[in-house]
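Each chain is listed here by its residues.
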Amino acid sequence: MDVDADRDGVVEKNNPNKGSWKWGPNGHGAVLLVNCDSETTYKKTLDSEVDEINKVSGDTLLNLFLLPEHKLLKLFLKDYIMVVGTDMLTEEVPYLGGKTELAFFVEGLRFPDKDFDGLVTINLSLLEPCGKGFPETPIFTDTVVFHISPWIMTPNTLKPVEVYVCSTNDNYTFLKSIKNLVDKCGYKLKICYEYMNRGDRWMQDELEFGYIDSPHHQFPVVLDSPRDGDLQDFPYESILGPDFGYVTRNALNEKVSSLDSFGNLEVSPPVTVNGKSYPLGRIIIGVAATRGRNMTQVVQDFLWAQKVQEPIALYSDWLVVGHVDEFMTFVPAPDRKKFRLLLASPDAGYKVFKSLQKKGHGEAEMFPGLPEVISVNEILSDKKLQAENRYVQNCIDWNRDVLKKELGLDDEDIIDLPILFKVLEEKTGPRAVAYYPDMVNMIVLGDQLGIPKPFGPKVNGRCALETEVCSLLEPLGLKCTFIDDFAPYHKLLGEVHCGSNVLRERSPFRWWNLEL
């Protein structure tokens, strides 16, 4: 049996390392993709669920005959007829003699998960008849090993390809602002209209974009969250297609909570931590500190099993919605680690308001022109609000320490954005929401940022909060566009990032070169 054991995209003859897997740039072992896209556009079915194939761009070439040991792959002859698969784990093929060569195409059926490490071993036995009444005896055996590509997330620092957003009956102005920003950047925009979203505007929460990669082929794969709101059909019906895969994990005996929405699933840019390299970044999720809401175990198991973006768990259950994107994001930068971590910071918020008061702008109004209007002086005299923000700052500081340790960051790699919160009394206890539009919950499109418009106090005709954020981000070469999401998103406890999603190019780093 021959496979692409040296991972150069070409099947080589009898590679001595074809029967084992080794990580790293000097490693070996063939790579296999899960055939999770769909060549059909009407009455869609995942290609891996069909016992025939129409094209082989995503399938791995294997020469000779095989006997698989697991229900993890299918094999097709060159005429694309299935030889072995989930219901037929072994099969005999007549040996045609001489130097006859058979070409097989192999497709993966399952991603790595808690009960599957991604490795598939395939055995060949050439049997010789021993006469009537005697079993055949093997005269030649061979083995090859494949590693199924993990599902890989894409950080904000990778180049965008297409922006996804919903159209609802109350977000026309927001949608227009997003369209203008995307057009200015030169990227594609896909709008999910009401017949599909049924009023569910939370595009970030329903799905997460990633990809799978091999030396011979790669394509994006959408991970569908178990939240299953009214957007639940969109990933399968509108995104799944030729060379665009789909995967999901369904909670079995667990209660799905807000923490299962994928505003609670992020990934860092590449980092090196205490000498250990994470060239694909690290996945970030939010969980409860002790008792409370958690991301379902089936999703956590899936994320951990991918191995190449070792996850970090932050504390996010202190928020009403409970998502990590409510207090953190990453933006590209030209220096240091090539990115900055942005954190929401009540301390930074109070610093702005105290500075305004000190400079004689105490009567300047927060939320100008809106029913919620309140002066700087009133905000600073609200003792309850101050106590609530001390609590929030403590929660964020805890996560700050975790991120510094797990991503190898210094204080100079972190920018604090001025954002206040307020605490609501929930049935399960007090939890926080943003007091004004949460500017850290932004969309990152290269050097262009779409930031929730905070409606801060105006000084000399300009919002003081916008001025502060621009002063922090523009020196990095970033351009800030402030988007009004107040009525259609902020009042519903979400912001720009919650209501959008970005498909990005894959990382130039190939996952099998990781040193694990």
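Parameters and conventions
Residues numbered from 1 in each chain as written. Predicted model: local features only at pLDDT ≥ 70, side-chain atom pairs only at ≥ 80, totals over all residues. Heavy atoms only, no water. Helix = DSSP H or I, 4+ residues; strand = E, 2+ residues; numbered from the N terminus. Core = buried A, V, L, I, M, F, W, Y, C linked by side-chain atoms within 4.5 Å. Buried < 20%, exposed > 50% of the residue type's maximum accessible area, 1.4 Å probe, protein only. Contact = heavy atoms within 4.5 Å. Pairing = 2+ DSSP bridges. Axes fitted to C-alpha atoms, helices over the stretch in contact; angles between N-to-C directions. Parallel < 35°, antiparallel > 145°, perpendicular 65-115°, else oblique. Nonpolar A, V, L, I, M, F, W, Y, C, P; charged D, E, K, R; others polar.

A. Just unusual backbone geometry, in detail. In the Ramachandran plot, Arg-336 falls in the positive-phi region, its phi being about 50° despite a non-glycine side chain. Locating Arg-336 in the fold gives a position in the loop between strand 20 (328-332) and strand 21 (339-345).

B. Molecular detail of the nonpolar core. With 68 residues, the main nonpolar core has Trp-318, Phe-327, Met-328, Phe-353 and Leu-473 as its most contacted residues. Of all the elements, helix 8 (residues 383-407) adds the most residues to this core, at seven residues. With sequence-adjacent residues up to four places away left out, Met-328 is seen in contact with Ile-284, Leu-314, Leu-341, Leu-342, Leu-343, Leu-403 and Val-440. Judged by nonpolar contacts, the second largest core, of 35 residues, contains Leu-32, Leu-33, Ile-285 and Phe-302.

C. Focus on the sheet that holds strand 24 (residues 414-418). Strand order in this open sheet of three strands is 20-21-24, and the pairing throughout is mixed. Each edge of the sheet is formed by a strand with only one pairing partner; in this case those strands are strand 20 and strand 24. For this sheet, the mean angle separating the axes of adjacent strands, direction not counted, is 35°. Of the strand pairs in this sheet, strand 20 and strand 21 are connected by five bridges, and their pairing is antiparallel. Bridging across to strand 21, Phe-330 finds its partner in Leu-341. Those strands touched by helix 8 are strand 20, strand 21 and strand 24, and its axis lies near 165° from that of strand 21.

D. Just the packing of helix 6 (residues 346-358) against helix 8, in detail. Close contact between helix 6 and helix 8 brings their axes to 8 Å; oriented N to C, the two are set at 140°. Classified by the angle their axes make, helix 6 and helix 8 are oblique. Touching Pro-346, Asp-347 and Tyr-350 of helix 6 are Leu-385, Gln-386, Asn-389, Val-392, Gln-393 and Ile-396, all from helix 8. Of the residues contributing to the contact of helix 6 with helix 8, the split by class is five nonpolar, three polar and one charged.

E. Inspection of the sheet that holds strand 18 (residues 283-287) at higher detail. Pairing is mixed across the open sheet formed by three strands, whose spatial order is 15-18-19. Every interior strand has two partners, whereas the edge strands, strand 15 (265-267) and strand 19 (312-315), have only one. The sheet shows a mean angle of 35° between the axes of neighbouring strands, direction not considered. The pairing of strand 18 with strand 19 spans four bridges and is parallel. The partner of Ile-284 across the bridge, within strand 19, is Ile-312. Sheet strands touched by helix 5 (residues 297-305): strand 15 and strand 18. Its angle to strand 18, the strand with the most contacts, is close to 160°.

Scope: geometric values only; no functional claims are made or implied.
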